[in-house]
There are 2 protein chains.
Amino acid sequence: MSDEKAFGPGADPAPYYRKHIFCCTNERPAGHPRGCCKEKDSLRLRNYMKARTKELGLSDLRVNAAGCLDRCELGPTMVIYPEGVWYSYHSPEDVDEIIRVHLVEGGRVARLMLQPEDKEPAES
Amino acid sequence: MSDEKAFGPGADPAPYYRKHIFCCTNERPAGHPRGCCKEKDSLRLRNYMKARTKELGLSDLRVNAAGCLDRCELGPTMVIYPEGVWYSYHSPEDVDEIIRVHLVEGGRVARLMLQPEDKEPAES
């Protein structure tokens, strides 16, 4: 974008984390029409991802908990920066695949990726 | 990075948010040696930032709460993606300046920016 070119990002500091992962762990009251990531086990999955990346020695990234990312219907969701790639994931196996393919190999897990226009789960 | 070139980010979806701001609102027990952002009023400042951006009609971004960003000594901290620029901020006036200069004008608030090597507050 033109505004970025004038000031940076060329002049911005080096990244503090190579990959910064934000996993929504927001909880809404039971019965909320949008649901929430926490009721879909997001906290356990985020803790699993954090533990697994640590076990694998991936020390140049951070697996953060985050408040509501506002894509509740597609949850649990995560977004990986700086690339801004979003995933909907539902199991430790999904997490393992994201770690291996995206974080280690630098690829993308196409079957779990969200597109900007995604609003509802594919199966609904 | 070479791994990115092979798979993307050229092929990645468009950004879901133009700017995605993560404000640490983590709370540690009182007296913890690292301190925490919440004891430095981060929740109130984050809520102020969210409300102000909404009032200004900046609808293409999100001001998220986040768990511990692990730069506690420099808190309250925020990081703005995709550019990965970090700020340490302490007042509504700091927030206003980040909104105006960074989010609206596309610049940087140099006096509040963190560098990767920053570990302790400048005044310590």
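Reading the values: rules and limits
Residues numbered from 1 in each chain as written. Chains lettered and ligands numbered in written order. Predicted model: local features only at pLDDT ≥ 70, side-chain atom pairs only at ≥ 80, totals over all residues. Heavy atoms only, no water. Contact = heavy atoms within 4.5 Å. Buried area = accessible area lost by both parts, 1.4 Å probe. Salt bridge = Lys/Arg side-chain N within 4 Å of Asp/Glu carboxyl O. Polar contact = N/O pair within 3.5 Å; in protein donor to acceptor, adjacent residues only side chain to side chain. Helix = DSSP H or I, 4+ residues; strand = E, 2+ residues; numbered from the N terminus. Nonpolar A, V, L, I, M, F, W, Y, C, P; charged D, E, K, R; others polar. Phe/Tyr/Trp six-rings, centres within 6.5 Å; stacked < 30°, edge-to-face > 60°. Buried < 20%, exposed > 50% of the residue type's maximum accessible area, 1.4 Å probe, protein only. Lys NZ or Arg CZ within 6 Å of the ring centre and 35° of its normal. Axes fitted to C-alpha atoms, helices over the stretch in contact; angles between N-to-C directions. Parallel < 35°, antiparallel > 145°, perpendicular 65-115°, else oblique. Left-handed = near helix turned anticlockwise from the far one by under 90°. Least-squares fit on C-alpha atoms with pLDDT ≥ 70 in both. Expected span 1.5 Å × (residues − 1). Disulfide = S-S within 2.5 Å. Pairing = 2+ DSSP bridges. pLDDT = per-residue confidence, 0-100.

Undergrad: Provide a residue-level description of the interface of chain A and chain B, including the pertinent values.
TA: Taken residue by residue, the interface counts 38 residues in chain A and 38 residues in chain B. On the chain A side of the interface with chain B, the three residues burying the most area are Pro-13, Tyr-16 and Tyr-81 of chain A, jointly 20% of the side's total. At the junction of chain A and chain B, the tally comes to four salt bridges. For Asp-12 of chain B, the salt bridge is made with Arg-108 of chain A, and the minimal N-O distance between the two is 2.8 Å. Along the contact surface separating chain A from chain B lie 16 residue pairs in polar contact (both at pLDDT 80 or more). Here the side of chain A that touches chain B takes four residues from strand E2 (residues 61-66) of chain A, the largest share from any one element. A breakdown of the residues in the side of chain A that touches chain B according to their chemical character gives 20 nonpolar, six polar and twelve charged.

Undergrad: Explain the packing of aromatic side chains to me, and be specific about the residues and the numbers.
TA: Per the stated rule, a full pass over the model turns up ten aromatic pairs over all chains. Ring centres of Tyr-16 of chain A and Tyr-17 of chain A lie 4.9 Å apart, and the angle between their planes is 70°; this geometry places the pair in the edge-to-face category. Among the residues examined, Tyr-17 of chain A registers a relative accessible area of 10% and is labelled buried. Ring-pair connections join several aromatic residues into one group, and the members of that group are Phe-22 and Tyr-81 of chain A together with Phe-22 and Tyr-81 of chain B. One residue, Arg-71 of chain B, lies across the ring of Trp-86 of chain B, its end atom 4.7 Å from the ring centre.

Undergrad: If you had to explain the packing of helix H2 (residues 42-55) of chain B against helix H3 (residues 92-104) of chain B to someone new, which residues and values would you point to?
TA: Residue and element names in this part refer to chain B. Two numbers describe how H2 lies on H3: the axes approach to 10 Å, and their chain directions differ by 40°. Judged on the interaxial angle alone, H3 and H2 are oblique. For the pair H2 and H3, the sense of crossing is right-handed. On H3, the residues that touch Arg-44, Leu-45, Tyr-48, Met-49, Arg-52 and Thr-53 of H2 are Pro-92, Val-95, Asp-96, Ile-98, Ile-99 and Leu-103.

Undergrad: Mind laying out the relation of the copies chain A and chain B, listing which residues take part and the relevant values?
TA: In screw terms, the move from chain A to chain B is a rotation of 180° and a rise of 0.0 Å along the axis, fitting with an RMSD of 0.0 Å. Taken together, the rotation and translation describe the operation of a two-fold axis.

Undergrad: Explain helix H2 (residues 42-55) of chain A to me, using residue names and the numbers behind them.
TA: One turn of the α-helix equals 3.6 residues, which is why residues spaced by three or four share an orientation. Residue and element names in this part refer to chain A. Helix length check: H2, at 14 residues, gives a terminal C-alpha distance of 20 Å against a target of 20 Å (1.5 Å per residue), a fit within 8%. Where H2 is buried, its residues touch strand E1 (19-24), E2, strand E3 (77-81) and helix H3 (92-104). Looking one or two residues past H2, Gly-57 carries a phi angle of roughly 75°, positive in sign.

Undergrad: I'd like to hear about the state of the cysteines, residue by residue, with values.
TA: Note on terminology: a disulfide is the covalent bond linking the sulfur atoms of two cysteines. Scanning the entire structure with this criterion turns up zero disulfides over all chains. No disulfide involves Cys-23 of chain A; its sulfur sits 9.0 Å from the nearest other cysteine sulfur, which is in Cys-24 of chain A.

Undergrad: Can you lay out the pairing of E3 of chain A for me, pointing to particular residues and giving the numbers?
TA: Residue and element names in this part refer to chain A. Burial within E3 is extensive, with five of its five residues counted as buried. Here E3 shows no split at all, with Thr-77, Val-79 and Tyr-81 on one side and Met-78 and Ile-80 on the other all buried. In this sheet, E3 lies alongside E1 in antiparallel orientation, the contact comprising four bridges. Bridging from a neighbouring strand, Phe-22 pairs with Val-79 of E3. Pairing between E3 and strand E4 (residues 85-88): four bridges, direction antiparallel.

Undergrad: Residues and numbers for the confidence of the model for chain A, please.
TA: Residues and elements named next belong to chain A. Looking at chain A, pLDDT values average 90 and 89% of them are 70 or higher. Low pLDDT (under 50) marks residues 1-6, which in the prediction has nine contacts with non-local residues, meaning those over four places away or in another chain. For this predicted complex, the interface confidence reaches an ipTM of 0.89, while the overall pTM sits at 0.90.

Undergrad: Help me get a handle on the pattern of salt bridges, residues and values and all.
TA: Residue and element names in this part refer to chain A. Tallied over the entire structure, the rule returns 24 salt bridges over all chains. A salt bridge links Arg-34 to Glu-73; its shortest N-O distance comes to 2.7 Å. Pair noted here: Arg-34 is in the loop between E1 and H2 and Glu-73 is in the loop between E2 and E3, with a separation of 39 residues, a long-range link. Accessibility expressed as a relative area gives 22% for Glu-73, which makes it partly exposed.

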